Every structure is written in structure tokens, then in C-alpha cells.
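Chain by chain, the residues run as shown.
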Amino acid sequence: MRRIFDYLKKHWVYVLIAFLSLVVVDVLQIIYPKYVGRSINLIKSLPQVSDKGEWLHTLWVYGAIMVGLYLGVALFRLIYRWFLRTVAVKYDHELRMAVLYKYLSMSERDLQKFDIGDLMSRLIRDTRSIRRFIMMGTIIMVDLIVLGGLTITTMFSLSPYLTLVSVPPMIILTLFVLWAGSYMRKKFKVMLDLFGEMTERVRETAVGIKVIKTFVRENYFMRLFEDINDRYIATGVRLFTLQSSFWPMASVVVGISLVIVLWVGGDMVMKGQMSIGTLVSFMMYINMIAWPMLSIGMFITVYSMARSAITRLEEILTYEVEVKDTGTREIDRVDSIVVKDLRDDIILDGISFSVRKGEVLGITGPPGSGKTVLVKYLPRLWEPGRGMVFVNDTIDVLDVKTTSLRSHFAYVPQDPILFAGTVADNIAFAVPDATREEIIWAAKMACVWDDIQSFPDGLDTIVGERGITLSGGQRQRISIARAFLAKKEILILDDPLSAVDTHTERCIVANLKEYVKEYKPLTIIVSHRVPAIHWADYILVMDKGRILEEGTPEELRQGDGLYSRLYAYQMGGDAL
Ligand SMILES: Nc1ncnc2c1ncn2[C@@H]1O[C@H](COP(=O)(O)OP(=O)(O)OP(=O)(O)O)[C@@H](O)[C@H]1O
Ligand SMILES: [Mg+2]
């Protein structure tokens, strides 16, 4: 909650204006019944009045004052609503930006700790609860203190005795509301968590729909969803029942108080201890005081919701990201990558190698041997230990600003990622101002140009959920084209040929060779395919997080290790 109050402090002018307007509204509301009482007394005094002109004049003045009071209430309500809403909406915006910024600073491994659906529900729903708290919470708090306090004092000043006999039922109501509030607070966190879980289920179902259908698991997923949905609704219904009992209970309590006032006050009027006007004002105050009493319950509701929400948001906002961007060095070029005894808690177990600009390093090895994990450490997508990964021979990547470091990398991940947009947008992702010719050049280099030409709108074809669905091989090659176009000093390709046929494989490898000859990047190619790496300067064969064998392709081919067997198997036809 600190965070919310700190924010409100920052916008104290808005909050103050809203606060003052609220106080004005409350004060005006308090004055109103007094004039009702006075008017009644005035009307009642008519038979004894001698100067009818003045009498009528006074009545007019009272009328005008009452209309004025109501206009004032309306005006100041408008003012506080506007200011409060502005503050609340701004905060909503600010929080959402902060949360999204945090997501973007998280590494893949950080994000594994959160469900995407739950993150989404935090971003959308939890921020809404906080907005409500800022709006409603402030209004209720001021009403409670100012309106409640003023009403009670005014009532007291009108008749202490009548106040003392009529207020006790209200206190019982307040106690009940307080009890209910503490119960509700516990349930709200449960509800928000359930909602997050539900969003995650929907996301998972949407993403996995094909698999769910082919394996005919719809019912299973329906049941899972139904279970959460049921629990969510059950909690909601319980809360709602409790909440909706507030108003009827308040009416009953107000009714009881009114009866007491009529009984005791009526008696006082008859005995001449109180005017009829005062009694009417008093009854109006009784009606008014029910709201602040009830609003304690509402305050607890919005407060608890906001508290659960901000706790959930803070789990993200204060989360310590794995890759802390503490490095300060900027690098303007990369000549080499040196890895020394790289090990981690996942799989890598002492990997060392070095590559220089212009060189090509091939990495191969059985599935699960740690190839993908290894290359993720190089642009610091994952955080290596200190003294394990260096650029330019001696600069620890931990000392380099991550943005500066990564700006030198073109990385083709193993699972190609395409964004909603056109094919051209996707290829030009890293170079938004690329010309048409450059994009076509990159598409040709990645051997995907023929495919693109066959799309309905060529380069302008929309891909993604609302556009055409590309085949796995097409996506992979668009992702390669993106890397070619970026023309970075470091090119990392993780299994770039896993989804293409031999003909396309040859085409891409030939273009890759040409590209390397011309731009001389530092190239790392991970592949199970011998043709993809056999032209490299040096090859690492990995197994279980270690380097099993290494050497030039020729050395390895002539040896009797895994690589030579791989070569014999894959190139058998060519070699014999
Ligand atoms: N984010 C992660 N968290 C925990 N373990 C992981 C993570 N990513 C990979 N691993 C584990 O690390 C090991 C190596 O995975 P990696 O993806 O590097 O294999 P690979 O050599 O690239 O295999 P492939 O040839 O199939 O792509 C695997 O056992 C995998 O389960
Ligand atoms: Mg891999």
C-alpha cells in the first residue's frame, strides 16, 4: 500500500483539490436539512405572523438557499470526481507501464517463474482494483470522517438526548460490517489468484488447441476449467451475498432508529421541548448517517481488493531479475568471444572455446546436450557466472551494458518467433528503415523469396493469428532472413536447417558461405546436420553439457568419434 500512498503524495495537488471539494460537498449536505427544518418551522408559524410580506420573502430566501446548496453539491461532486478519476487513471497507466517494463527486463528464465495468463490478469485486472480504490477509497474515507463526524455533531447539537437513543442500532450495524470486512479481505486474495489461474488456463487452451483436439482431450480441459471456474464463482457468490446484505440491513437499522426518533422526539415536540422543524431535520440526519456507517464495509472491500492487487503487482515490480543490467561499459565492436570453463546449474559442465571475428564455429551434439543453453549465455539472454564469458578477449560480458552487448548480435533462435504484421515487417524487425530491395535481398539469401512470392500479397502478406499461417520451414527462413538483414558482427544460428529439405539446405549453406566471405561476421552455427557445419573453421561436439570432441572438420572426420560417425551416416552417399 505504501506504493499507492507515495504515488498519491506525488500528485498531492489533485488529491488536495478533490479532498477539499469532497469536504465542501459534505458540509453543504449537512446544511441542507437545517433549512428544511427552518422552512417547516416558518410555514408552521404562518398563523401567528403579522407581516406576511416579510414572511414570504424569508420563505423565498430559504428556498433559494436550498436550491443553491444542491447546485453547489452537484458542482463540487463534478470537481472531485474529475480530479480523482484523473489521478486514478494516471496511476493505472503508470502501473501498467511499470509492470510491462519489468516483464521486458526479465530473462526467459525469470519469466518461467510466472504463468503468462496470470501475468496478464495482474496487468489488467489488478491495476483496475487499484484504480477503484483511489476513487472510491478516497470518497468513502472523507465521507466517513467528515460527513459522519459532522452529522453526529450536528445531531448532538440539535438534541443530545435524541442522538444518544437513536445511534446505538447504527453502532451494531457498524460492528457487523467490520466483522464482515475482515472475512472479505481474506477471500479477495483467493479470488484474484483464482482469476489469474483461470486466465492462464484459457491461454494454455488457446495455445494448445490443436493438440487438445487431436488427442480428444476437450473434456479433460473443460473439467479443469470448470473446476477453477466453480471455485471462482463460489467464492464470488459468498462475497457477494455478504456484501448485498449490507443495504437491506442498513434499511432495517435506519428504520428502527427512525421509529425511536419518532417516538421519543414526537413526545418532546408535544411537550414543547423541540420544534417540529428540528425533528424533521433530525430524521433527515439519521438517513444521512447510514451511508458513512455502511461505507466502512465498502471501504474495507475496496481496500482489501487494492491491497491484494498491489501485493500481486509488487511480486512482479520488486522481483529481482536474473540478468541485472549493472554493466556500464559500452562496446562499439566485437572481435572475439571467449568462453572459459562455463558451467551452470542446468547442464553446462565446463565449456571453453574462443571464436574470432571472421571465423565460423560449428556446434553439434545429441539432443539435450546443452547447445541451445550454451548460445543463450553469449548475448547474456541468460546470466553466466563472472569470469566465464568474455568479449574482445578480456571484457567480461557482465561488465558490458546489455543493450550495448546485444546490439552486436543477430540471433536466430531454435523456435523462430514471428510477430503479428507483414512478412516485410518481420524480416525488417531489427532494421525498421530497411528498403524494399534490402528486404528482398535478405529473403533471397535465406532462400525464402520464392515462397514469399507465392503468398497472396507477397511481402505485404499479414502473418500471425489474423493472417496466413506459415509453415515451420517458412517461419524458420524468415527468421534467418531477419538475421541476414541485421548484418551484425555476430551471427548465431541455432539449428537453422531443422525444417528444410536438402535442396533448400544447400541453398542456405551456399548463401551463408557467401555472406560470411563478404561481411566476415563472427559466426556460430548449431546444427545436427553435417553439411551445415562441415565448412566451419572449428567444430565442437557436445554431449551432456561437456565438449566431447573438438577440432577442424577434417580432423574430426578422420578421427573415430561421434562426428566421424555422423559424417559417414549423413554424407555417406557423397563420400563413397
Ligand atoms: N529453461 C530451462 N530450465 C531448466 N532446464 C533447461 C532449460 N532449458 C534447457 N534445459 C535443459 O538443459 C538441457 C539442454 O537443453 P538444450 O536446449 O541446450 O539442448 P540442445 O542441445 O539445444 O538440444 P536440441 O538439439 O534438441 O536443440 C536439457 O536437458 C534441458 O532439459
Ligand atoms: Mg537446441
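Residues numbered from 1 in each chain as written. Chains lettered and ligands numbered in written order. Predicted model: local features only at pLDDT ≥ 70, side-chain atom pairs only at ≥ 80, totals over all residues.

Thoughts on the pairing of strand β12 (residues 546–551)
For a regular strand, side-chain orientation follows a simple rule: the groups alternate between the two sheet faces. So the rule is basically this: When DSSP finds two or more bridges between a pair of strands, those strands are recorded as paired. Secondary structure follows DSSP: runs of H or I at least 4 residues long count as helices, runs of E at least 2 residues long count as strands, and numbering of each begins at the N terminus.
Bridging between strand β11 (residues 538–543) and β12 involves five bridges; their strand directions are antiparallel. Along β12, the bridge assignment pairs Asp543 with Arg546. Hairpin geometry of β11 and β12 is characterised by an intervening segment of two residues between the two adjacent antiparallel strands and by a positive phi of about 50° at Lys544.

Concerning the pairing of strand β10 (residues 522–526)
For clarity, the cut-off: Put simply, a residue is buried when 20 or more other C-beta atoms lie within 10 Å of its own C-beta and exposed when 12 or fewer do; between those, it is partly exposed, and each C-beta is set from the backbone.
Buried residues dominate β10, accounting for five of its five residues. Residues Leu522, Ile524 and Val526 line one face of β10 and the alternating positions Thr523 and Ile525 line the opposite face, and both faces are buried. The pairing of strand β9 (residues 490–494) with β10 spans five bridges and is classified as parallel. Residue pairing across strands places Ile492 opposite Ile524, the latter belonging to β10.

Some words on the site of ligand 1
Applied cut-off: Using the backbone to place each C-beta atom, any residue with that atom within 6 Å of a molecule or strand is considered near it. Classification convention: Asp, Glu, Lys, Arg as charged; Ala, Val, Leu, Ile, Met, Phe, Trp, Tyr, Cys, Pro as nonpolar; all other residues, Gly among them, as polar.
Around ligand 1 sit 14 residues in total, of which Ile347, Pro367, Lys371, Thr372 and Val373 are the nearest. Examining the composition of the shell around ligand 1, we find that three residues originate from one element, helix α12 (residues 371–377), more than from any other. Split into classes, the residues belonging to the shell around ligand 1 amount to four nonpolar, seven polar and three charged.

Brief notes about the confidence of the model for the chain
Which entries qualify depends on this criterion: One number per residue, pLDDT, summarises how confident the predictor is, and it ranges from 0 to 100.
Of all residues in the chain, 99% have pLDDT values of 70 or greater, and the mean over the chain is 89. Element-level mean pLDDT values for the chain span from 79 in helix α21 (residues 562–575) up to 96 in β10.

As for the packing of helix α7 (residues 168–207) against helix α11 (residues 276–317)
Inclusion rule: Only C-alpha atoms enter the line fits that serve as axes; for helices the fit covers just the stretch in contact. Angles between N-to-C directions range over 0 to 180 degrees. An angle below 35 degrees is read as roughly parallel, one above 145 as roughly antiparallel, one from 65 to 115 as roughly perpendicular, and any other as oblique. Here a crossing is taken to be left-handed if its near helix is turned anticlockwise relative to the far helix by less than a right angle, and right-handed if that turn runs clockwise. By definition, residues are in contact whenever their C-beta atoms, placed on the basis of the backbone, come within 7 Å of each other.
Relative orientation of the contacting elements α7 and α11 amounts to 20°, with a least axis distance of 9 Å. As summarised for this structure, α7 and α11 are arranged roughly parallel, according to the angle between their axes. Note that α7 runs across α11; the crossing there is right-handed. Only Ile289, Met293, Leu294, Ile296, Gly297, Ile300, Thr301, Ser304, Met305, Ser308, Ala309 and Arg312 of α11 make contact with α7, whose side of the interface consists of Met170, Leu173, Thr174, Val177, Leu178, Ala180, Gly181, Met184, Arg185, Phe188, Lys189 and Leu192. Grouping the constituent residues of the contact of α7 with α11 by class yields 15 nonpolar, six polar and three charged.

Notes on unusual backbone geometry
Even without glycine at this site, Cys447 takes up a positive phi of about 55°. Counting through the fold element by element, Cys447 comes out in the loop between α15 (436–445) and α16 (449–454). Positive phi, normally seen in glycine, also occurs at Lys544, with a value near 50°. Locating Lys544 in the fold gives a position in the loop between β11 and β12.

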